[in-house]
Structure formats: C-alpha cells, structure tokens
Amino acid sequence: MAARIYQNPMNAMQSGRALTDKWMLEFEPSEARKADALTGWAGSGDTQRQVQMKFPNVEAAKAYADKYGIAYSIVPTPNKTLKIQAYADNFR
C-alpha cells in the first residue's frame, strides 16, 4: 500500500490561492480500472482510491504515513512562473 504526498494545486479556473497551503495524501491505485459489461462505466474494487486526506503541512503528512507504516513518495510542488506583460501587449 503506497501513497503519494503533494501540495494541493491552484484552481485553473480562478486566480485565488485558497486551500493551496494544504498537503494531500492519496493512495496509489492497486488495480487497474476495467469497463463494466452492463453499463460500460470504468470501475474497480480498489476502495483505497477514494481516500484523500488533508494535512496542514508536509511534516504532518509524513508523520501520519510513518505512524501507520505507509510507504510514501513526495511529489515536489512545481515552481510558479509569472508571465508579466502590459495589457497593451495584447494589441501588438
């Protein structure tokens, strides 16, 4: 049972940074999804995929994983790059 720890990403549809300071712990999928013969929907018997835990910082997430013997990998947060331009540049 492996998990990944990552920082909650910024919403692509909004410019605000609400909830981006939280760290998430999600379990890696243990089996592949397969199509249901009757409905055609994709699903699996993996219930760990539904678990998503939030922590205030990365140290708390690591401590939880260590306490319960969960193997984890930390996904680094990508650097934020700003494209600074003037509004008038849209019309050149």
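Caption draft 1: Focus on the overall build of the protein. Counting secondary structure elements, the protein contains 1 helix and 6 strands. Starting at the N terminus and ending at the C terminus, the protein contains elements arranged as β-β-β-β-β-α-β. Since a compact globule built from 92 residues should have a radius of gyration of about 12 Å, the 19 Å found for the protein marks it as more spread out than a globular shape. By its C-alpha atoms, the protein is 55 × 40 × 20 Å across when sized along the principal axes. Classification of the 92 residues of the protein by burial places 18% in the buried group. The contacts of the protein with a sequence gap of at least 6 include a subset with a gap of at least 24, amounting to 50%.

Caption draft 2: Up close: the sheet that holds strand β1 (residues 2-7). Here we have 4 strands laid out as an open sheet, ordered β5-β2-β1-β6, and mixed in their pairing. A strand with exactly one partner marks an edge of an open sheet, and here the two such strands are β5 (52-55) and β6 (71-74). When the angles between neighbouring strand axes are averaged without regard to direction, this sheet yields 25°. For strand β2 (residues 23-27) and β5, the ladder comprises 4 bridges, and the chain directions are antiparallel. In the strand pairing of β5, Met24 is matched with Lys54. Each of β1, β2, β5 and β6 is contacted by helix α1 (residues 58-67), which is oriented at about 160° to β6, the strand it contacts most.

About the criteria used
Residues numbered from 1 in each chain as written. Predicted model: local features only at pLDDT ≥ 70, side-chain atom pairs only at ≥ 80, totals over all residues. Heavy atoms only, no water. Helix = DSSP H or I, 4+ residues; strand = E, 2+ residues; numbered from the N terminus. Rg over C-alpha atoms; globule rule 2.2 N^0.38 Å. Buried < 20%, exposed > 50% of the residue type's maximum accessible area, 1.4 Å probe, protein only. Contact = heavy atoms within 4.5 Å. Pairing = 2+ DSSP bridges. Axes fitted to C-alpha atoms, helices over the stretch in contact; angles between N-to-C directions.

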